[in-house]
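# Tertiary structure, described
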Amino acid sequence: MQQTAPHNLASNVSVRSTRDQHKGVPLEKSFRKSRQPKNGEDAERARFARLLWRAFPDANSENELAELAAMVLTSESRPVDKRTVRNWLRCENAPHFRYVIKVIALVGAEAVFQMIDPEVGE
């Protein structure tokens, strides 16, 4: 019995480029450009990471801090994973405002003034 090669559907499909419809403007978006954070966002993420370290001074490592923070910030309706906290510590992701407020409450009122004017605490 002779076997036949599987039929390649892609060879029968014709796809037109939309590049001509957009007057030569490339539609591709550079992944690197879209992943470059803005300077203001970098500073905010770094400030939050420092606040996390201040909120949990007993933590001796990033992993230990991630576990403690995840446990404290988790609520019944919104669990926080330790991986999420590690991303915050590495400034890869920005936290939701609800977590910023909780961490500020843990650190104290001084943290609010440092966020408004970073030179106050230095």
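Use the structure listed above.
The following refers to the structure shown. These numbers were taken from a predicted model, which means no experiment stands behind them.

Basis of the calculations
Residues numbered from 1 in each chain as written. Predicted model: local features only at pLDDT ≥ 70, side-chain atom pairs only at ≥ 80, totals over all residues. Heavy atoms only, no water. Helix = DSSP H or I, 4+ residues; strand = E, 2+ residues; numbered from the N terminus. Contact = heavy atoms within 4.5 Å. Areas by Shrake-Rupley, 256 points an atom, 1.4 Å probe, with all protein chains shown as cover. Core = buried A, V, L, I, M, F, W, Y, C linked by side-chain atoms within 4.5 Å. Buried < 20%, exposed > 50% of the residue type's maximum accessible area, 1.4 Å probe, protein only. Expected span 1.5 Å × (residues − 1). Arc of directions from axis to C-beta. Axes fitted to C-alpha atoms, helices over the stretch in contact; angles between N-to-C directions. Parallel < 35°, antiparallel > 145°, perpendicular 65-115°, else oblique. Left-handed = near helix turned anticlockwise from the far one by under 90°. Nonpolar A, V, L, I, M, F, W, Y, C, P; charged D, E, K, R; others polar. Phe/Tyr/Trp six-rings, centres within 6.5 Å; stacked < 30°, edge-to-face > 60°.

### Considering the overall build of the chain
Scanning the chain from N- to C-terminus turns up 6 helices and 0 strands. Beginning at the N terminus, the succession of helices and strands in the chain can be written as α-α-α-α-α-α. Within the chain, contacts between residues at least 6 apart in sequence are counted, and of these 48% link residues at least 24 apart. When the accessible surface of the chain is totalled, it reaches about 9900 Å², and 51% of it is carbon and sulfur.

### What about the nonpolar core?
In terms of nonpolar packing, the biggest core is built from 21 residues, with Leu52, Leu73, Val80, Val85, Trp88 and Val103 touching the most fellow members. The set of elements that each furnish at least two residues to this core consists of helix 2 (39-55), helix 3 (62-73), helix 4 (82-89) and helix 5 (97-107). Other than its neighbours up to four places away in sequence, Leu52 contacts Leu65, Ala69, Val85, Trp88, Leu89 and Val103.

### Focus on helix 3
Helix length check: helix 3, at 12 residues, gives a terminal C-alpha distance of 16 Å against a target of 16 Å (1.5 Å per residue), a fit within 8%. Among all positions of helix 3, only Leu65, Ala66, Ala69, Ala70 and Leu73 are buried. Relative to the axis of helix 3, the buried residues are bounded by an arc of 125° and lie together on one face. In this structure, the buried residues of helix 3 make contact with helix 2, helix 4 and helix 5.

### Some details on the packing of helix 2 against helix 5
For the pair helix 2 and helix 5, interaxial distance at closest approach is 9 Å and the crossing angle is 45°. For the element pair helix 2 / helix 5, the angle class is oblique. The two elements helix 2 and helix 5 meet at a crossing, and its hand is left-handed. Between helix 2 and helix 5, the residues in contact are Phe48, Leu51, Leu52, Arg54 and Ala55 and Tyr99, Val100, Val103, Ile104, Leu106 and Val107, respectively. Partitioned by chemical class, the residues of the contact of helix 2 with helix 5 number 10 nonpolar, no polar and 1 charged.

### Thoughts on helix 5
Inspection of helix 5 places Tyr99, Val100, Val103 and Ile104 among the buried residues, and these make up the whole buried set. The buried residues of helix 5 occupy one face: seen down the axis, they fall within an arc of 135°. Looking one or two residues beyond helix 5, the residue adopting positive phi is Gly108, at roughly 120°.

### A few points about the packing of aromatic side chains
Evaluated as defined, the whole model comprises 2 aromatic pairs. Consider the rings of Phe48 and Trp88, whose centres lie 5.5 Å apart with planes at 80°: the pair is edge-to-face. Note that Phe48 is positioned in helix 2 and Trp88 in helix 4, a separation of 40 residues in sequence. A residue is classified by how much of its surface remains accessible, and Phe48, at 2% relative accessible area, is buried.

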